[in-house]
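Residues per chain are reported as follows:
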Amino acid sequence: MTASGTATARVGAPVLRLDGLGWRVGGATIVEGVTLDVREGEFLAFIGPNGAGKTSLFNLISGIVVPTAGTLALDGADLTGLPVHTRARRGIGRTFQTSSLWPRMTVAEHVRLAAQARNGGSHRLWRRASPYTAEVDGVLERTGLGHRAGATAAELSHGEKRKLELAVLLVGEPRLMLLDEPMAGVSAEEVPALTELIRTLHREEGRTVLMVEHHMDVLLGLADRLAVMHHGRLLALDSPDAVTADPVVQRAYLGEGL
Ligand SMILES: Nc1ncnc2c1ncn2[C@@H]1O[C@H](COP(=O)(O)OP(=O)(O)OP(=O)(O)O)[C@@H](O)[C@H]1O
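First things first, this report covers the structure right here in the doc. These numbers were taken from a predicted model, which means no experiment stands behind them.

1. Quick notes on the sheet that holds strand S8 (residues 208–212)
With mixed pairing, six strands are arranged side by side in an open sheet as S6-S7-S8-S3-S9-S10. Because the sheet does not close on itself, it has two edges, and the strands there are strand S6 (92–95) and strand S10 (233–238). Averaged over all pairs of adjacent strands, the angle between strand axes in this sheet comes to 20°, irrespective of strand direction.

Written as structure tokens, this is what we have:
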């Protein structure tokens, strides 16, 4: 058991602290006793077999579901009972396994709407000149979507859709980025560019990232630490090398391949 592991070269102040976090629903225990700290600028990846509770843990962190046990805090301030929108305002940004885009809206419009909404402005899209034009251009540049500004979401490839979801997230300048299986549905040819974008956001912009991902080859060289979930519990939390060599983790994955 290495759940108390502290290995990482990239340590800063704790941003997020989970303490005994649990979630029971309909008599079933989905998440149980998860305790961990996420450090400023850290990249923490969650792996584990299907149904291990990874998305449920993200739901608990982002506020989609309320924990039935334990607490969580962002920058030392308790978040446990706060709703999704308050957590988002405090800096918890999230993408989902399935796409959350509007098919007929353009790439630039998605980002502009996010900027308007962040500033408490109208959720109706302004067609005339917008004070957000420079910001929209900047975010699209950072995410490699500048040349697709006028394309509708329906016209994008899966990889471009994922990039747009990241662009929308970046508008809020989140303290913490929760990425739930960003490679899901993305073609093999597009995985390297998307991986590189996430790496840049982490390494060059210093963003704190939590990511659920099934593909170990994507995570190796990206994650500072791996958290292994199994039956709703944290089975191991350590450097990628230590986790992949851990016999307890290997046994949990028997038959599934790590
Ligand atoms: N609202 C709910 N009510 C009852 N059971 C739920 C609910 N949400 C999730 N579960 C169950 O909790 C377990 C964990 O699901 P979760 O989606 O968190 O796992 P996961 O590790 O993200 O899986 P995957 O890798 O397949 O996405 C599953 O058995 C799922 O069926």
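There is more to say after this.
2. Considerations on the packing of helix H5 (residues 158–171) against helix H6 (residues 191–203)
At a closest axis distance of 10 Å, the pairing of H5 and H6 adopts a crossing angle of 15°. One finds that H5 runs roughly parallel with respect to H6. When you trace H5 past H6, the crossing you get is right-handed. Here Gly159, Arg162, Lys163 and Leu166 of H5 come into contact with H6, specifically with Ala193, Leu194 and Leu197. A per-class count over the contact of H5 with H6 returns four nonpolar, one polar and two charged.

3. Regarding the environment of Asn50
Looking at the element boundaries, Asn50 is found in the loop between strand S3 (43–47) and helix H1 (54–62). Expressed as a C-alpha distance, the spacing of Asn50 and His230, which sit 180 residues apart in the sequence, is 9.0 Å.

4. Describing the pairing of strand S1 (residues 14–25)
Sheet topology note: the S1/strand S2 (residues 28–39) ladder contains eight bridges and is antiparallel. If you follow Val25 over to S2, its bridge partner there is Ala28. What sits between the antiparallel neighbours S1 and S2 is a turn of two residues, in which Gly26 has the positive phi angle 55°. Here five bridges tie S1 to strand S4 (residues 69–74), and the two strands are oriented antiparallel to one another. Note that in S4 the partner of Leu18 across the bridge is Leu72.

Definitions and cut-offs
Residues numbered from 1 in each chain as written. Predicted model: local features only at pLDDT ≥ 70, side-chain atom pairs only at ≥ 80, totals over all residues. Pairing = 2+ DSSP bridges. Helix = DSSP H or I, 4+ residues; strand = E, 2+ residues; numbered from the N terminus. Axes fitted to C-alpha atoms, helices over the stretch in contact; angles between N-to-C directions. Parallel < 35°, antiparallel > 145°, perpendicular 65-115°, else oblique. Left-handed = near helix turned anticlockwise from the far one by under 90°. Contact = placed C-beta atoms within 7 Å. Nonpolar A, V, L, I, M, F, W, Y, C, P; charged D, E, K, R; others polar.

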